[in-house]
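Overview (structure and organization)
For reference, the chains in residue letters:
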Amino acid sequence: MTLAIEIIAWLVALTWLWKVIEATFGLPRIPNLLLPQHNIAPAGSPSITVIVPARNEAADIAATLHSLLAQDYPNIHIIAVDDRSTDRTGDLIDTIAAQHSDKLPDKLRALHITELPPGWLGKTHAMALAARQAPTDYLLFTDADVLFRSDAIRRALAHAVATRADHLVTMPTTLIHRWDEAAILGFFQVFALWGSRPWRVADSTSKRDALGIGAFNLLSRSAYLQIGGFESLRMEIIEDLALARRIKQAGLVQRVAFGRGLVSLHWASGISGLVSVMTKNLFSAFRFYIGLALLGCLWLLVFCVAPAAGLFFTPTRIPAIVAVAAVLWAYRLMSRHSGISTGYALFFPLGALVFVFTLLRSMLLTLKRGGVIWRGTFYSLAELRKNAAPLL
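Residues numbered from 1 in each chain as written. Predicted model: local features only at pLDDT ≥ 70, side-chain atom pairs only at ≥ 80, totals over all residues. Heavy atoms only, no water.

**Some words on the overall build of the protein chain**
Summing up its helical and strand segments, the protein chain has 14 helices and 12 strands in all. The 392 residues of the protein chain split such that 53% are buried. Counting only carbon and sulfur atoms, one obtains 62% of the accessible surface of the protein chain, whose full area is about 17,000 Å². For the protein chain, the distance from the average position of its 37 positive side-chain charges to the average position of its 27 negative side-chain charges is 7 Å. (Helix = DSSP H or I, 4+ residues; strand = E, 2+ residues; numbered from the N terminus. Buried < 20%, exposed > 50% of the residue type's maximum accessible area, 1.4 Å probe, protein only. Areas by Shrake-Rupley, 256 points an atom, 1.4 Å probe, with all protein chains shown as cover. Lys, Arg positive; Asp, Glu negative; His and termini not counted. Charge placed at Lys NZ, Arg CZ, Asp CG, Glu CD.)

Set out below in structure tokens:
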């Protein structure tokens, strides 16, 4: 038994070591849009529409829209979608649009949705409806709590045009307000390296390495239409990742870029807020398969918790040191772009345990309710499973 545990410990350590070596050489290949060569205007001045779906986002929508209206790229239009909000979201959108109607006519347009058709999630329906009314060269799908630096869209669009990208993701910067947010989000940024290798996103032959982020999904209009738009993703809870997978499967050109501070958001307040936000979508990431979710929990315990425990046992101490050192190096690599200190690697096992708890909570609540409740709307599990895209 001791020998088997030691062998497993070494397999975990060597796998972590390989992952970090791969990231060490891969991450520097991702463009940094903050560098001087990216401070240019897009060739040909293509038009772009920013689509902002919002349901009960009164606390954040004004700041998001003001940051978009302050963009230094002129050929930009904004459609803010009030998706059946019961708070002041719709009124705020109308007020801001009216305030800018004289100096920036048609720059910001409000779209109000009062009913959700059957067979749709609210967010995908809002984005699909807005996209139909945006005959521009490019579409940028974002969220109602995202802040944009004044040159963010110009730099990103210039890079997309220069690289002939059909889909560009600019990695957002997460605003940290509390230590526990940094502890959990630090885990996420390293754990995400196992899900998709961002340095392989541009490789058309690497089909599993697709990346989509709801804060900044920039698509050419032709690519959006080619994959069937959000009409083909009507019931996708994690619609950003599903969109990226469709782009990759269609053989279109996908790109990812860094740019710390260009696109920013505060995801949630503390551990409780993060758990609440993730409960909605974690089970869906495993396509609602119970066995797959439980296997994911086991993987997290073996690869992310066990190495820390292994430090206290003589047979596993050396491989545990190797694994922990690899995790520390991964934090160092990612901290250059996220700003989350390497010291938060101490909380890596805690982050894994929180993730396991949240995944189990997401699964159990979804099964108990027979579906998912998000922002006051219930979506049945049967319908979600029926419309779930297959795993790559």
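**Here's the deal with the sheet that holds strand β3 (residues 108–113)**
Strands sit in the order β3-β2-β1-β4-β8-β6-β9 across an open sheet of 7 strands; the sheet is mixed. Two strands in the sheet have a free side with no partner beyond their single neighbour: β3 and β9 (254–257). Averaged over all pairs of adjacent strands, the angle between their axes in this sheet comes to 20 degrees, without regard to strand direction. By the bridge criterion, 3 bridges tie strand β6 (residues 167–170) to strand β8 (residues 217–220) in an arrangement that is antiparallel. When the bridges of β8 are listed, H167 appears paired with L219. Together, β6, β8 and β9 form the strand contacts of helix α8 (residues 239–249), whose direction differs from that of β8 by roughly 35 degrees. (Pairing = 2+ DSSP bridges. Axes fitted to C-alpha atoms, helices over the stretch in contact; angles between N-to-C directions. Contact = heavy atoms within 4.5 Å.)

**Considerations on the sheet that holds strand β10 (residues 263–265)**
If you trace the 3 strands from one edge of the open sheet to the other, you get β5-β10-β7, paired in mixed fashion. Edge positions in the open sheet fall to β5 (146–148) and β7 (173–174), since each of these has one partner strand only. Note: β5 against β10, 3 bridges, orientation antiparallel. When the sheet's bridge partners are listed, V146 is paired in β10 with L265.

**Topic: helix α5 (residues 152–162)**
Counted residue by residue, α5 has 10 buried out of 11 residues, so it is predominantly covered. Looking one or two residues beyond α5, the residue adopting positive phi is R164, at roughly 55 degrees.

**A few points about the nonpolar core**
Formed by 100 residues in total, the largest nonpolar core has its most connected members in W16, I48, L65, F187 and L218. Among the elements that make up this core, the one with the highest residue count is helix α6 (residues 179–195) (9 residues). Those residues within four positions of I48 in sequence are excluded, and the remaining contacts are Y73, N75, I76, H77, T136, Y138, L140, I153, L157 and L218. I113, A130, A131 and F230 belong to the second-largest nonpolar core, a separate cluster that totals 24 residues. (Core = buried A, V, L, I, M, F, W, Y, C linked by side-chain atoms within 4.5 Å.)

**Focus: the environment of A97**
With respect to the helices and strands, A97 occurs in helix α3 (residues 89–99). Of the residues examined, A97 reaches a relative accessible area of 16% and is grouped as buried. On a C-alpha basis, the gap between A97 and A110 in space is 7.2 Å, while along the polypeptide they are 13 residues apart.

Such coordinate-based values are descriptive only and should not be taken to indicate function.
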